[in-house]
Amino acid sequence: MSRFTAPHGDTQSGGRDNALLVAPARATLPAPVGRLTSRGAVVGAVAVLLAATGAPADAVPGAPVVTGAVVNSGHDVIVGTTQNVRFSVTVTGSDDSGLSFADVDLKGPHGGFYTTDAFCETATACTTVFTVNAHLAPGSDDPVDLANANAGTWSVDALVDAGDGESVYAPGVASFGLKRAARLTVNAAPEPVAKGARITVTGKLVRANWDTYRYAGYAGRAVKLQFRPKDSSTYTTVATVNTSATGALRTTVKAVRDGYWRWNFTGSPTTGPAKAAGDYVDVRP
């Protein structure tokens, strides 16, 4: 079962794939209790023994080993303002008796925290599923999981049990980006246009605001203007433009041939990428 702590007075929801983020302004994470504490004691005892003998952790005969973790199939987790986002975390490792159970903690900027657990599906892999959101439930004023300050690079800690009852704790076994979703629009005009005339291409870059549950302009970001000829499937960058204080984009280019114009934002440490759908312009002799 998932383990989490909600602010006093909030309603907790169970289920293996649900976990609640705890931000400093919304709740205080309590000390681990129950099963986690007992296994932590086992790990601590092993650490003391290793310190006394001077032996590395991976040299303990029969001790389980965590070799890595993969989050969301290796992709950033992108969250908007209206939908829950589910993603998996697979912890891999080995032990003579096989891996049996894993607790996985995700830790992010400004106190971001999720936790859940799962039985291992194979002797070498344990997959947990997380559900995150940045929106209010319909008709509810309950606090949401994410705030803008939580966007950025997150780390993965894993506590894994082996079939023979031994445990191993692996802090920082992986990292991933948990980012705010972005959107782009584009409009190229006039259309049709005479060959050699100037085309004005406008648009706007917005991103999810997890504090207000709306999208707002993303200022001061470099966005690529790209063109794809009518008879091609490849876009080529022709200019780079910075967004205004409101996220607006505007530039002019010469009309050379029929084709599609679009804006392309490659993302930032806190915000996911976005591409506008191509806007077709008919260029006439």
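From a predicted model like this one, the values you see are computed outputs, not experimental measurements.

Student: Would you mind showing me how to read the sheet that holds strand 1 (residues 65–71) here?
Tutor: The pairing of strands in a sheet comes from backbone hydrogen bonds and takes either a parallel or an antiparallel form. Reading across from one edge, 1-3-6 is the order of the three strands in this open sheet, with antiparallel pairing throughout. Bordering the open sheet on either side are strand 1 and strand 6 (125–132), each of which pairs with just one other strand. The sheet shows a mean angle of 20° between the axes of neighbouring strands, direction not considered. Relative to strand 3 (residues 85–94), strand 1 runs antiparallel, the two sharing six bridges. Counterpart to Ala-69 in the pairing with strand 3 is Val-91.

Student: Would you take a moment to explain the pattern of salt bridges for this structure?
Tutor: Pairing between side chains becomes possible if they bear opposite charge and their charged atoms approach one another. Tallied over the full model, the rule gives three salt bridges. One salt bridge connects Lys-179 with Asp-76, and the closest N-O pair in it is separated by 3.0 Å. Placement of the pair is Lys-179 in strand 8 (residues 167–180) and Asp-76 in the loop between strand 1 and strand 2 (77–79), with a sequence separation of 103 residues. Residue Arg-284 pairs with Asp-282 through a salt bridge whose shortest N-O separation is 3.0 Å.

Student: What's the story with the packing of aromatic side chains in this structure? I'm lost.
Tutor: Within a pair of aromatic rings, the relevant descriptors are the distance that separates the centres and the angle that separates the planes. Scanning all chains against the criterion turns up eight aromatic pairs. Between Phe-87 and Phe-130, the ring centres sit 5.8 Å apart and the planes meet at 20°, which makes this aromatic pair stacked. Here the residue Phe-87 occupies a position in strand 3, and Phe-130 occupies one in strand 6, the gap between them amounting to 43 residues. Residue classification places Phe-87 among the buried positions, given a relative accessible area of 4%. A relative accessible area of 0% places Phe-130 in the buried class. By the ring-pair criterion, three or more aromatic residues cluster together here, those being Phe-87, Tyr-114, Phe-130, Trp-154 and Phe-176. Its end group placed over the ring of Tyr-218, Arg-207 keeps NZ or CZ at 3.7 Å from the ring centre. Over the face of the ring belonging to Tyr-235 we find Arg-262, whose NZ or CZ atom lies 3.8 Å from the ring centre.

Student: What is the right way to read the pairing of strand 14 (residues 236–242) from this model?
Tutor: As a general feature of sheets, a regular strand has side chains that alternate between the two faces. Relative to strand 14, strand 13 (residues 222–229) runs antiparallel, the two being bridged by six bridges. Within strand 14, the residue paired with Lys-224 across the bridge is Thr-240. The hairpin formed by strand 13 and strand 14 contains six residues between the paired strands.

Student: What am I meant to see in the confidence of the model for the protein here?
Tutor: Do not read the fine detail of predicted coordinates wherever pLDDT is low. The predicted model of the protein has a mean per-residue pLDDT of 83, with 77% of residues at 70 or higher. Considering only residues more than four positions removed or in separate chains, one finds that residues 20–59, a stretch of pLDDT under 50, has 53 contacts.

Student: Any chance you could explain the state of the cysteines here in plain terms?
Tutor: What makes a disulfide is a covalent bond joining the sulfur atoms belonging to two cysteines. Summed over all chains, the structure comprises one disulfide. Covalently, Cys-120 is tied to Cys-126 through a disulfide, its sulfur atoms 2.0 Å apart. Taking the sign of the S-S torsion, about 75° here, the bridge from Cys-120 to Cys-126 comes out right-handed. Since its relative accessible area comes to 15%, Cys-120 is described here as buried. By relative accessible area, which is 0% here, Cys-126 ends up buried.

Parameters and conventions
Residues numbered from 1 in each chain as written. Predicted model: local features only at pLDDT ≥ 70, side-chain atom pairs only at ≥ 80, totals over all residues. Heavy atoms only, no water. Pairing = 2+ DSSP bridges. Helix = DSSP H or I, 4+ residues; strand = E, 2+ residues; numbered from the N terminus. Axes fitted to C-alpha atoms, helices over the stretch in contact; angles between N-to-C directions. Salt bridge = Lys/Arg side-chain N within 4 Å of Asp/Glu carboxyl O. Phe/Tyr/Trp six-rings, centres within 6.5 Å; stacked < 30°, edge-to-face > 60°. Buried < 20%, exposed > 50% of the residue type's maximum accessible area, 1.4 Å probe, protein only. Lys NZ or Arg CZ within 6 Å of the ring centre and 35° of its normal. pLDDT = per-residue confidence, 0-100. Contact = heavy atoms within 4.5 Å. Disulfide = S-S within 2.5 Å.

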